[in-house]
Amino acid sequence: GESVGLHLPTLSVQEGDNSIINCAYSNSASDYFIWYKQESGKGPQFIIDIRSNMDKRQGQRVTVLLNKTVKHLSLQIAATQPGDSAVYFCAEKGGRANAGKSTFGDGTTLTVKP
Amino acid sequence: IAGITQAPTSQILAAGRRMTLRCTQDMRHNAMYWYRQDLGLGLRLIHYSNTAGTTGKGEVPDGYSVSRANTDDFPLTLASAVPSQTSVYFCASKPRASTGELFFGEGSRLTVL
């Protein structure tokens, strides 16, 4: 079956440094990927997305890279701030055949040290 | 404020009891979803509805049922709760099933004793 996995369950960085969170997926038919941020006690919130016809997309302080050859995507956060401390999930939508359902990875907990 | 409202926020329930978690959205989104989130794990899809009047099974549907009588409401029912259903439940929606990000509620924390 399909799976989405994150390489590291936890990541600790110093405030001001850049953060890189990685994710691997198994379904080569996946056509859409999303990164979510979940703060403690809250529901996940959309950060950034990327379609399979792209290999890079940039937002405000965040960049998502997609490598379809090795089925890997990453989330880069520039100048990490204490407010970035949260659990980050990657999710993939497996195309029309999967009725638009999203499969989530297990999450990486990012801790930003002051 | 537009968004998704879940109720209750938290509930402790005796095993064997029936429980309905409520979910209402005012964004007129077609697609709605129920996920459960267990400690250290990602979100797992329980049931979904691509449009009012239709529902489908997700990854972990056993012990749960849903209905979608209208666009706004998508209740999740546990017919006879068991301790393994202790979890945080998230309702989510998006404008169309085919694309777009999910909008999540704040979650319902359920403890089954």
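Since this is a predicted model, take the numbers as computed values, not measurements. (Residues numbered from 1 in each chain as written. Chains lettered and ligands numbered in written order. Predicted model: local features only at pLDDT ≥ 70, side-chain atom pairs only at ≥ 80, totals over all residues. Heavy atoms only, no water.)

(A) Representation of the overall build of chain B. The helix and strand inventory of chain B stands at 0 helices and 11 strands. Moving toward the C terminus, one meets the helices and strands of chain B in the order β-β-β-β-β-β-β-β-β-β-β. Along the first, second and third principal axes, the C-alpha atoms of chain B reach 35 × 25 × 25 Å. Looking at chain B as a whole, 50% of its 113 residues are labelled buried. Restricting the contact set of chain B to residue pairs at least 6 apart, pairs at least 24 apart contribute 53%. By element, 52% of the accessible surface of chain B is carried by carbon and sulfur atoms, the whole surface being about 5,300 Å². For chain B, the distance from the average position of its 11 positive side-chain charges to the average position of its 8 negative side-chain charges is 5 Å. (Helix = DSSP H or I, 4+ residues; strand = E, 2+ residues; numbered from the N terminus. Buried < 20%, exposed > 50% of the residue type's maximum accessible area, 1.4 Å probe, protein only. Contact = heavy atoms within 4.5 Å. Areas by Shrake-Rupley, 256 points an atom, 1.4 Å probe, with all protein chains shown as cover. Lys, Arg positive; Asp, Glu negative; His and termini not counted. Charge placed at Lys NZ, Arg CZ, Asp CG, Glu CD.)

(B) Representation of the pairing of strand 4 (residues 32–38) of chain A within the structure. Residue and element names in this part refer to chain A. In terms of residue burial, strand 4 counts as a mostly covered element, since 7 of its 7 residues are buried. Both faces of strand 4 are covered, namely the face carrying Tyr32, Ile34, Tyr36 and Gln38 and the face carrying Phe33, Trp35 and Lys37. Looking at chain direction, strand 4 and strand 5 (residues 45–51) are connected through 6 bridges and run antiparallel. Paired with Trp35 across the two strands is Ile48, which belongs to strand 5. Counting the residues that bridge the hairpin from strand 4 to strand 5 gives 6 residues, and of these Gly41 lies at a positive phi of roughly 80°. For strand 4 and strand 9 (residues 86–93), the ladder comprises 7 bridges, and the chain directions are antiparallel. The partner of Trp35 across the bridge, within strand 9, is Cys90. (Pairing = 2+ DSSP bridges.)

(C) Quick peek at the nonpolar core. Residue and element names in this part refer to chain A. The biggest cluster of nonpolar side chains holds 21 residues, and the ones touching the most others in it are Trp35, Leu73, Leu75, Tyr88 and Leu110. Within the residue set of this core, elements represented by two or more residues are strand 2 (10–14), strand 3 (19–25), strand 4, strand 5, strand 7 (62–67), strand 8 (72–77), strand 9 and strand 11 (108–113). What Leu73 contacts, discounting residues up to four positions off in sequence, is Ile21, Asn22, Cys23, Tyr25, Phe33, Trp35, Val64, Leu65 and Leu66. (Core = buried A, V, L, I, M, F, W, Y, C linked by side-chain atoms within 4.5 Å.)

(D) Up close: the interface of chain B and chain A. Contact residues are listed per partner, giving 22 residues for chain B and 19 residues for chain A. For the pair chain B and chain A, the summed buried surface comes to about 1,600 Å²; carbon and sulfur atoms form 52% of the total. For chain B, the biggest contributors to the area lost against chain A are B:Leu43, B:Glu101 and B:Phe104; these three give 27% of the whole. Run the count over chain B and chain A and you get 0 salt bridges. In this assembly, chain B and chain A are joined by 3 residue pairs in polar contact (both at pLDDT 80 or more). Among the secondary structure elements, those contributing two or more residues to the side of chain B that touches chain A are strand 4 (31–37), strand 5 (43–49) and strand 9 (87–94) of chain B. A breakdown of the residues in the side of chain B that touches chain A according to their chemical character gives 10 nonpolar, 8 polar and 4 charged. (Buried area = accessible area lost by both parts, 1.4 Å probe. Salt bridge = Lys/Arg side-chain N within 4 Å of Asp/Glu carboxyl O. Polar contact = N/O pair within 3.5 Å; in protein donor to acceptor, adjacent residues only side chain to side chain. Nonpolar A, V, L, I, M, F, W, Y, C, P; charged D, E, K, R; others polar.)

(E) Molecular detail of the environment of A:Gln60. Relative to the helices and strands, A:Gln60 resides in the loop between strand 6 (56–58) and strand 7. Spatially, the C-alpha atom of A:Gln60 lies 8.9 Å from that of A:Ala78, the residues being 18 residues apart in sequence.

(F) Region of interest: the state of the cysteines. All names here are of chain A. A complete count under the given rule lists 2 disulfides over all chains for this structure. The disulfide partner of Cys23 is Cys90, and the gap between their sulfur atoms is 1.7 Å. Measuring handedness by torsion sign, the sulfur bridge of Cys23 and Cys90 sits at about 55° and is right-handed. Placement of Cys23 in strand 3 and of Cys90 in strand 9 is noted, with a sequence separation of 67 residues between them. (Disulfide = S-S within 2.5 Å.)

On their own, these measurements won't tell you what the molecule is for.
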